[in-house]
Amino acid sequence: MQLLLLLRHASACFPYVLAWEAVQLFPGPWTSRRARSPFGRLEGSTCPPGGMIRSIPEFQSKKVHIQDPDRVEHLICSLIKGGASKLQVVSDFDMTLSRFSFNGKRCSTCHNVIDKCKLFTEEAKKELSDLKDKYYPIEMDPKLSNEDKFPFMVEWWTKAHGVMSQLDIRKDKLAVIVQESDAMLRDGCDVFLNALHAHNVPLIVLSAGLGDILEEIIGQANLFLPNIHIIANYMDFDEKGRIKGFKGEMIHTYNKRDGALRNSPYFHLLRNNSNVILLGDTMGDLSMADGIPNVQNVLKIGFLNDKMDGLLETFLAAYDIVLVQDETLDLVNAILQKCCLAYMHRLNKGIRHKNMFHAWNKIAHTMLNWIEIW
């Protein structure tokens, strides 16, 4: 009789044990670092005692610059704790996901892909080159505020798009134009995009470039995956497939915060993805995540590709991590791996605990039946 009562008591306790394990696996405001489990210490952090920055080899590169290591440590640990299910990535494209240079030669941006193609007349090429010579130094000038640069960027994009609209650019020729260009993705971008897709992490590409070319570059690498959402300047073609202008509101370097993301169809789909990794290469990219709701943590990683001496200090004051002349996504992939592995570890551990509960519960009930029959 005592054995029977003991088994019944143990069987009744299993749901409470499972509930405690669920608290361990999916911590929230109701848990703390000092909580204790009947089976041992509850781990309140997945970060190693020596620090996450020290534990990731990619952080030791001389190309990695950090002004506030404590802040970066806190943000990375928060991202890891939240896991893949709470993560989203917001990224620029030109010179962020795509390369700035290769073998010492400057690579093309999305706009450059078009203006370097055979369809461009020498007159049009000179006109766009003159525009770049005039406005690019303004875009990168650390002494000017974003507000000061704003009207100049509007002028640059408006004039450049006006030149393109006058040319015989055909939609069915874009694939060949991209194939013949020197635009290319950063090393490790395939790993990055595949990992995001594998763990259902949404990627918002918010670009001031040409959306049609951007899609073609990613597509030709077989990386245009369902979790990728692109917000950019898209060409408008007539019924014969010739360019006649551009669709919607123009996006340039310094107006990405002005409703581009907020007005996108993806805005309401991202409410539960409260942790953000932001990737950019200009000061204008810093505001890309401003329209996202319910944001808790934003880790900002900046790629400083050009004018290092004049911009490093400015970048360090704005971005959490600055990568100087780094043509890879190695560090980003290392951080992403930690986030996704932590999530998968908790998920697998939860499945194991659930299966163990059902197994022991079944054993207990079987034993009760035997004893009652006996």
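Residues numbered from 1 in each chain as written. Predicted model: local features only at pLDDT ≥ 70, side-chain atom pairs only at ≥ 80, totals over all residues. Heavy atoms only, no water.

## Structural notes on the overall build of the protein chain
Step number 1: Helix and strand content of the protein chain: 11 helices and 13 strands.
Step number 2: For the protein chain, with 374 residues in total, the buried portion stands at 50%.
Step number 3: A fraction of 70% describes how many contacts in the protein chain between residues 6 or more apart in sequence connect residues 24 or more apart.
Step number 4: Carbon together with sulfur atoms contributes 55% to the accessible area of the protein chain, which is approximately 19,500 Å² in total. (Helix = DSSP H or I, 4+ residues; strand = E, 2+ residues; numbered from the N terminus. Buried < 20%, exposed > 50% of the residue type's maximum accessible area, 1.4 Å probe, protein only. Contact = heavy atoms within 4.5 Å. Areas by Shrake-Rupley, 256 points an atom, 1.4 Å probe, with all protein chains shown as cover.)

## Quick notes on helix H10 (residues 308-318)
Step number 1: Every buried residue of H10 is accounted for by Leu311, Phe315 and Leu316. Buried residues of H10, viewed axially, fall in a sector of 140°; they line one side. Those residues of H10 that are exposed and angled more than 90 degrees off the buried face are Asp309, Glu313 and Ala317.
Step number 2: At its buried positions, H10 is contacted by strand S3 (64-65), helix H5 (122-140), strand S12 (297-304) and strand S13 (321-324). (Arc of directions from axis to C-beta.)

## Observations concerning the sheet that holds strand S7 (residues 203-210)
Step number 1: As summarised here, the arrangement of the 7 strands in space is S3-S13-S12-S11-S4-S7-S8, forming an open sheet in which the pairing is mixed. In this open sheet, the two edge strands, each paired with only one partner strand, are S3 and strand S8 (228-233).
Step number 2: One ladder, built from 3 bridges, connects strand S4 (residues 87-91) with S7; its direction is parallel. Paired with Val90 across the two strands is Ile204, which belongs to S7.
Step number 3: Each of S4, strand S11 (275-280), S12 and S13 is contacted by helix H3 (residues 69-82), which is oriented at about 120° to S12, the strand it contacts most. (Pairing = 2+ DSSP bridges. Axes fitted to C-alpha atoms, helices over the stretch in contact; angles between N-to-C directions.)

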